Amino acid sequence: MTKTGSAFLGLLATIALFPLAVQASQVQEFELENGMKVIVKEDHRAPIAVSQVWYKVGSSYEPEGQTGISHVLEHLMFKGTERYGPNEFSKIISENGGRENAFTGRDYTAYFQTLSSDRLNIAFDLEADRMRNLLLDEKEFQKERDVVTEERRLRTEDKPTALTYEQFNAVAWRVLPYRRPIIGWMSDLENLKIEDLRDWYQLWYAPNNATLVVVGDVDAEKIHTMAQETFGQLPPSDLPVMKTPVEPAHNGVTRLQVKAPAKQPYLLMGFKAPVVTTVSEENAWEPYAMEALAAVLDGGDSARLSRSLIRGSSIANSAGASYNAYTRLPGMVMFDGVPAEGRSIKDLEKALLSEIEKVKAEPVAADELKRVVTQTVASKVYEKDSVFYQAMQIGMLETVGLDWRLTDSYVEKLRAVTPEQVQEVAQRYLQPDNMTIAILDPQPMDEKQAESKSRPHVGVKHGS
Amino acid sequence: MAHNGRRIVSLLLVLLLPLTAQATPEIQSWITAKGAKVMYVHVPDLPMVDVRMVFDAGSARDDSKPGIAALTNTLLNDGAGEWNANHLAERFENIGARFTTSSLRDMAIVSLRTLTDDEEVLNQSLDTIAAVVTQPQFDEEEIERRRQQVLVGLEQQKQNAGTVASKAFYKSLYGDHPYGHNPSGNAVSVAAITVEDIRNYFKQYYVASNLVVAIVGAVDRAQAEKVVEQITAEMPAGEKAAPLPKVTFSTGESLSIDFPSTQTHIYLGQPGMSRSDPDYLPLYVGNHVFGGSGLVSMLSEEVREKRGLSYSVYSYFSPMRAEGPFMMVAQTRNERAEEALGVMREQLADFIKNGPPEERLERSKNNISGGFPLRVSSNSKIVEYIAMIGFYDYPLDYLATFVSRVEAVTAEQIHSAFKRRVHPNNLATVLVGNSSENGTPAEKQE
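Residues numbered from 1 in each chain as written. Chains lettered and ligands numbered in written order. Predicted model: local features only at pLDDT ≥ 70, side-chain atom pairs only at ≥ 80, totals over all residues.

The name that an unreviewed UniProt entry assigns to chain B is Peptidase M16, with the source organism given as Solemya velum gill symbiont.

A. Representation of the overall build of chain B. Along its length, chain B carries 19 helices and 13 strands. Relative to its length of 446 residues, chain B is compact, with a C-alpha radius of gyration of 23 Å against a globular reference of 22 Å. Projected onto its principal axes, the C-alpha coordinates of chain B cover approximately 65 × 60 × 35 Å. Expressed as a percentage of its 446 residues, the buried residues of chain B come to 56%. Pairs at least 24 residues apart make up 81% of the contacts formed inside chain B by residues separated by at least 6 positions. (Helix = DSSP H or I, 4+ residues; strand = E, 2+ residues; numbered from the N terminus. Rg over C-alpha atoms; globule rule 2.2 N^0.38 Å. Buried ≥ 20, exposed ≤ 12 C-beta atoms within 10 Å, placed from the backbone. Contact = placed C-beta atoms within 7 Å.)

B. Structural detail: the UniProt feature "domain: Peptidase M16 N-terminal" (unreviewed entry) in chain B. This chain's UniProt record puts "domain: Peptidase M16 N-terminal" (unreviewed entry) on residues 38–180 of chain B. Helix makes up 45% of residues 38–180 of chain B and strand makes up 22%, while its end C-alpha atoms are separated by 30 Å. (UniProt positions renumbered as here; feature names shortened; annotations may be inferred.)

C. Main features of the nonpolar core. Residue and element names in this part refer to chain A. Ranked by size, the top nonpolar core spans 138 residues in total, and within it A292, L293, V333 and V422 carry the most contacts. The element contributing the most residues to this core is helix α10 (residues 286–298), with nine residues. Counting only domains with at least three residues in this core, you end up with domain 1 (35–233) and domain 2 (254–443). (Core = buried A, V, L, I, M, F, W, Y, C linked by C-beta atoms within 7 Å. Domains from an automatic or database assignment.)

D. Quick look at the interface of chain A and chain B. Across the contact, 71 residues belong to chain A and 80 residues belong to chain B. The element that contributes the greatest number of residues to the side of chain A that touches chain B is helix α5 (residues 138–157) of chain A, accounting for nine residues.

E. Here's a closer look at the sheet that holds strand β8 (residues 266–273) of chain A. Residues and elements named next belong to chain A. Strand order across the open sheet formed by five strands is β7-β11-β8-β10-β9, with mixed pairing between neighbours. Strands at the two margins of the open sheet, each flanked by one partner only, are β7 (254–261) and β9 (316–322). Between one strand and the next, the sheet's axes are offset by a mean angle of 15 degrees, whatever the strand orientation. As judged from the eight bridges shared by β7 and strand β11 (residues 435–443), these two strands associate in the parallel manner. Paired with L256 across the bridge in β11 is A438. Packed onto the sheet, α10 meets β8, β9 and β10 (331–339) and runs at close to 165 degrees relative to β9. The strands touched by helix α12 (residues 345–361) are β8, β9, β10 and β11; relative to β10, the strand with the most contacts, the crossing angle is about 140 degrees. (Pairing = 2+ DSSP bridges. Axes fitted to C-alpha atoms, helices over the stretch in contact; angles between N-to-C directions.)

F. Quick peek at helix α16 (residues 419–429) of chain A. Residues and elements named next belong to chain A. Within α16 the residues assigned to the buried category are Q421, V422, V425, A426 and Y429. The arc that holds every buried residue of α16, seen down its axis, measures 140 degrees, which confines them to one face. Seen from the open side of α16, the exposed residues pointing more than 90 degrees away from its buried face are E420 and Q427. Contacts made by the buried residues of α16 are with β8, α10, β10 and α12. (Arc of directions from axis to C-beta.)

G. Inspection of the domain arrangement of chain A at higher detail. All names here are of chain A. Each domain of chain A was delimited in the assignment, giving domain 1 (35–233) and domain 2 (254–443). Here the C-alpha centroids of domain 1 and domain 2 sit 28 Å apart. On the domain 2 side, the residues contacting the 30 residues of domain 1 number 26 residues. Listing elements by their share of the side of domain 1 that touches domain 2, those giving two or more residues are β2 (37–42), β3 (48–55), β5 (109–116), α6 (160–172) and β6 (210–216). Counting residues per element, the side of domain 1 that touches domain 2 draws most heavily on α6, which supplies nine residues.

What follows is the structure, encoded as structure tokens:
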């Protein structure tokens, strides 16, 4: 189950570019008596619908020593309630032709089902049940924790670039909980107890901490009624009040080196920056200027990094820039890349820094900003091809504490960005003293290959 | 909780009979004067169109130059007609169009997504993509740059245990068959590819007779005909690529590659079936039950749910022009690799011995039939489907009859097909992981 949020810039960029709407969307919003929010967007193109339940909890809510607990809980949400046995949720959805899964991020945990739209009631019924009645059985927990450690090995331990990203975050953020990996440190996963999971579930899984988003071939009023009959029956909780941590000033460049068996070096560079949730009113344009900045640099093959570093000087084999304006806590403008054959990581670093200097020295061209806006307007049309993506945007905005209506105003805000503003945010935030830079230093892999045509196959160990 | 099988079947009939036009995309197809095959579905509700061009020019056509198909396909990004790489990218991106290329073993793909409500925008997109597929520049400097990128990419593939395993698996199954080599080629072969080679390759395979164009979106039939005309006006008719050689089944070998990873990646399998295989449906539906239905498949239940051995475990048949592979895949910590491998083998042997349990087969069929609307719920999915239907010469009613054909598959047919086609004692086995921990022989290869 389960993607663990975005570990790479490519993914971050998808979220960051988050192309948003020109005209108002057909969205209706309700609040159930128990405080659960219901947001419905009717889209009658195909006889299907997606249902997503978003909880305001994720790795950035976790205490020290319990990293990864939100994600482990997400896995356990498929392991049975009083009414339904382990894995039965998945069986029922599957049998009804549905697709389902879940994902955990820094600021959210979300569960989704895509179904023929006349079967949504099945998803609501199951989802409401596990919001309050999860069993959290010890044996299931033990097995599923094994699965999660395998997931960590697959996605992080054995992936040198992912390891670099994990270390980068741990070093770049001094205080913000974004320093912790979403999937959790291996030792924390090993130390988790079922009681910890039970507490975490009690604390956060309540209708007044959740948002239901439905997009598809539905009638909003009927969805409201169905939600009232299912989720609406659940009691609300007293939710914990979180203190908001503040990242102290970053006083000077921070460098780190990550050694791992690998063939190619990799560079990751980040500059701390505010986001929409954290800027003051007079600086409300800044996040949008940074979105524009990232897109001028990396919004396609005609953007600057591709043009100057991948082609042009051919210093980079790949190079990217990204920024996400919509997170709960402050963020970063990030750069990454792999040097081209015969080029060093130093060359790449210098080249990226010089691209940054250019943006600081000179306003970007009006044409470049125009391209960014045009691409965003087009993306706004293209994204209507996917009910899932439309629901993602709404759910994510709501869950990080913003308003889904931002999907409608994004283009206008981007259009309002001037070349001088892009220059200004570059000058303000893309400074060496505000920079963290991580280098993957490849270690020998020492491959050897053993072949045996008639290798005896050891029998199965029937463990469980 | 209404999930009883009968209700689903009756719902399905309602979906399929009176609402066919709505539930199943209506495909129109024709052959152009030049010989290109067109697959078209009119979807007027969003002001956009997807154009997917598929040439029979994947790595199966590499012949003596492994990597040439992928390199040629990538170079389509780097200049065409009078536009160099920068101009070409601007031509698309300045109007919000999306242009991508990709290449597989069977297919070389060129895709475009663009807005349709402004005629200038649409025309610029189409003129540009026409130049891409008829007048690529193949500039020497760009070729060198891409060559270096491929070489870096080959090194990156070596640092991922899963990729190493997958490559070794294909090699083991297919040997010298065109499906056997890495589609990216190898360091020696890629270094040797010349400008002339690329031009010749392009000339031979990027031709109308070797092309399927799929169009989905807000263009009517007359416009769709114009679109194809615009794109292929300068394209020579050329010749269709020759049939691929048959795959010869050899004894499955066991291969263990030592790798500095915490997990061992397991690939088990054999050549499976082609797109025109008479056993296609029973093998597809049977595998859905066995290892193709995500978390509820038999394989996932045994390996992941019951034993916590692997995060991702599945099996599939990948039907291709020639016999694509049947594979079972999992990864687990090195120390448990033998256990996981044992469970996977045992599950397959059991499945072949007993066939699919009726109840599970019913559930799989319900998933496939009930989930049919999801498969065709967006333009991007439809365009991919119809390109595939055109490329593999499936009948136009492939989608319309899909559910009823799946419904008709019986447990006996599946049992018989698996028994005849899958050979559990003769599977290629590839393990990539730390061999001192996973218990495989650690002999070094020369």
